[in-house]
Amino acid sequence: MSQYRVVIGFDLDMTLLDTRRGIAATWRALTVRTGVRVDAELAVSRLGPPLRQEMSEWFPSERIEEAVSIYRSLYPDHAIAPSVALPGALEALVAVREAGGRIVVITSKLGRLAELHLAHLGISVDHVYGDVFHAQKADVLRAVGASLYIGDHVADMQAGVLAEVPAVGVTSGPCSADELRAAGATIVFEDLHPFPAFLHRMISVGRAGSGD
């Protein structure tokens, strides 16, 4: 298989990284700064959709943009250091590299914040596409010629369906295996430990089918 023929897209929060502790700390800091009480644990239990969607649960519409700006200013000091790679995530990334593939992160998180997470953990990827969700993720998947998309949210699976790209679901996030399958997941894992073997099988089938 020629180098970079395989392009694997990964979601970030609760797919590659467990960011809940740091995000909860950021929500609590936002409460201190604004005086608006946010249930941080509830907020992090719903990770996946765009920030403004969660912000609308706590702030009136006229304050959402202000709150988003404050949250993002607080994020680097509160959310980066506590975040860790999820089980199997680093091994999954190594498997993509060993297959000569490209790694792209496609996330609803602002791209520069996603890049801070990756840099803190020493994770190298080929590109980060941030501030995209659902159909916007499908647009990115098509644009990069993705071979697979891996995510933890039903919207990630739906993005794969829209882009006609196989979607791998992991139940490390807010959605159950049944929900991910119903949304179009090709396969569902509890974590990313089985992914390298799955990728190897996918590549082997592709080689056999293409005559490479």
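To be clear, the structure that these remarks concern was listed above.
These figures come from a predicted structure and were not determined experimentally.

Okay, the overall build of the chain next. Scanning the chain from N- to C-terminus turns up 10 helices and eight strands. Taken along the three principal axes of its C-alpha coordinates, the chain extends 65 × 35 × 30 Å. By residue count, 50% of the 212 residues in the chain fall in the buried class. Summed over its atoms, the accessible surface of the chain is roughly 9,600 Å², and 51% of this surface lies on carbon and sulfur atoms.

Bringing the nonpolar core into the picture now. Proteins that are soluble and globular tend to have nonpolar side chains buried together. Ranked by internal contacts, the top residues of the largest apolar core, which has 29 residues, are Ile8, Phe10, Leu16, Phe195 and Leu199. Looking at this core, the elements that each hand over two or more residues are strand E1 (7-10), helix H5 (89-98), strand E4 (102-106), helix H6 (111-120), strand E6 (148-151), strand E7 (167-170) and helix H10 (195-210). Residue contributions to this core peak at five residues, all from H5. Contact partners of Ile8, with chain neighbours within four places excluded, come to Val96, Arg102, Ile103, Val104, Ser147, Leu148, Ile150, Phe195 and Leu199. Of all hydrophobic cores here, the second largest spans 28 residues; its members include Ala24, Ala40, Val44 and Leu86.

This part is about the environment of Pro82. Tracing the sequence through the fold places Pro82 in the loop between helix H4 (64-78) and strand E3 (84-85). For Pro82 and Thr171, which are 89 residues apart along the polypeptide, the C-alpha to C-alpha distance reads 21 Å. Beyond its immediate sequence surroundings of up to four residues, Pro82 is in contact with Arg21 and Gly22.

Moving on: the sheet that holds E7. In spatial order, the strands read E5-E4-E1-E6-E7-E8; together these six strands make up an open sheet with parallel pairing. At either end of the open sheet lies a strand with only one pairing partner, and these are strand E5 (127-129) and strand E8 (187-189). Going from strand to strand, the sheet's axes swing by 20° on average, the running direction of each strand aside. Where E1 meets E6, three bridges bridge the pair, whose relative direction is parallel. Across the sheet, the residue bridging to Gly9 is Tyr149, located in E6.

Turning our attention to the pairing of E4. Successive residues of a regular strand alternate their side chains across the two faces of the sheet. A large share of E4 lies buried, amounting to four of its five residues. One ladder, built from four bridges, connects E1 with E4; its direction is parallel. Bridged to Ile8 within E4 is Ile103. In this structure, E4 lies alongside E5, joined through three bridges in parallel fashion. Across the sheet, Ile106 pairs through a bridge with Tyr129, a residue of E5. With respect to chirality, the unit in which E4 leads through H6 into the neighbouring parallel E5 is right-handed.

Reading guide: rules and limits
- All chains use their own residue numbering, which begins from 1 and follows the written sequence.
- For this predicted model, a pLDDT threshold of at least 70 governs which residues receive local features, and a threshold of 80 or more governs which side-chain atom pairs are given and counted, while totals over whole chains, interfaces and linings are taken from all residues.
- Note that water and hydrogens are dropped before the side-chain values are worked out from all heavy atoms of the structure.
- Strands are runs of DSSP state E lasting at least 2 residues, helices are runs of H or I lasting at least 4, and numbering of each runs from the N terminus.
- Any residue under 20% of the maximum accessible area for its type is buried, any over 50% is exposed, and the rest in between are partly exposed; the area is computed with a 1.4 Å probe on protein chains only.
- All accessibility values rest on the Shrake-Rupley procedure with a 1.4 Å probe; residue burial counts only the protein chains present in the view.
- In plain words, nonpolar cores are sets of buried Ala, Val, Leu, Ile, Met, Phe, Trp, Tyr and Cys residues tied together by side-chain atoms within 4.5 Å.
- Should any heavy atoms of two residues lie within 4.5 Å, those residues are considered in contact.
- Each pair of strands is called paired provided DSSP finds at least two bridges between the two strands.
- What counts as an axis is a line fitted to C-alpha atoms, over the stretch in contact for a helix, and the angles between N-to-C directions run from 0 to 180 degrees.
- For the handedness criterion, the strands are oriented away from the viewer, and a crossover whose path from the first strand over the helix to the second runs clockwise is classed as right-handed.

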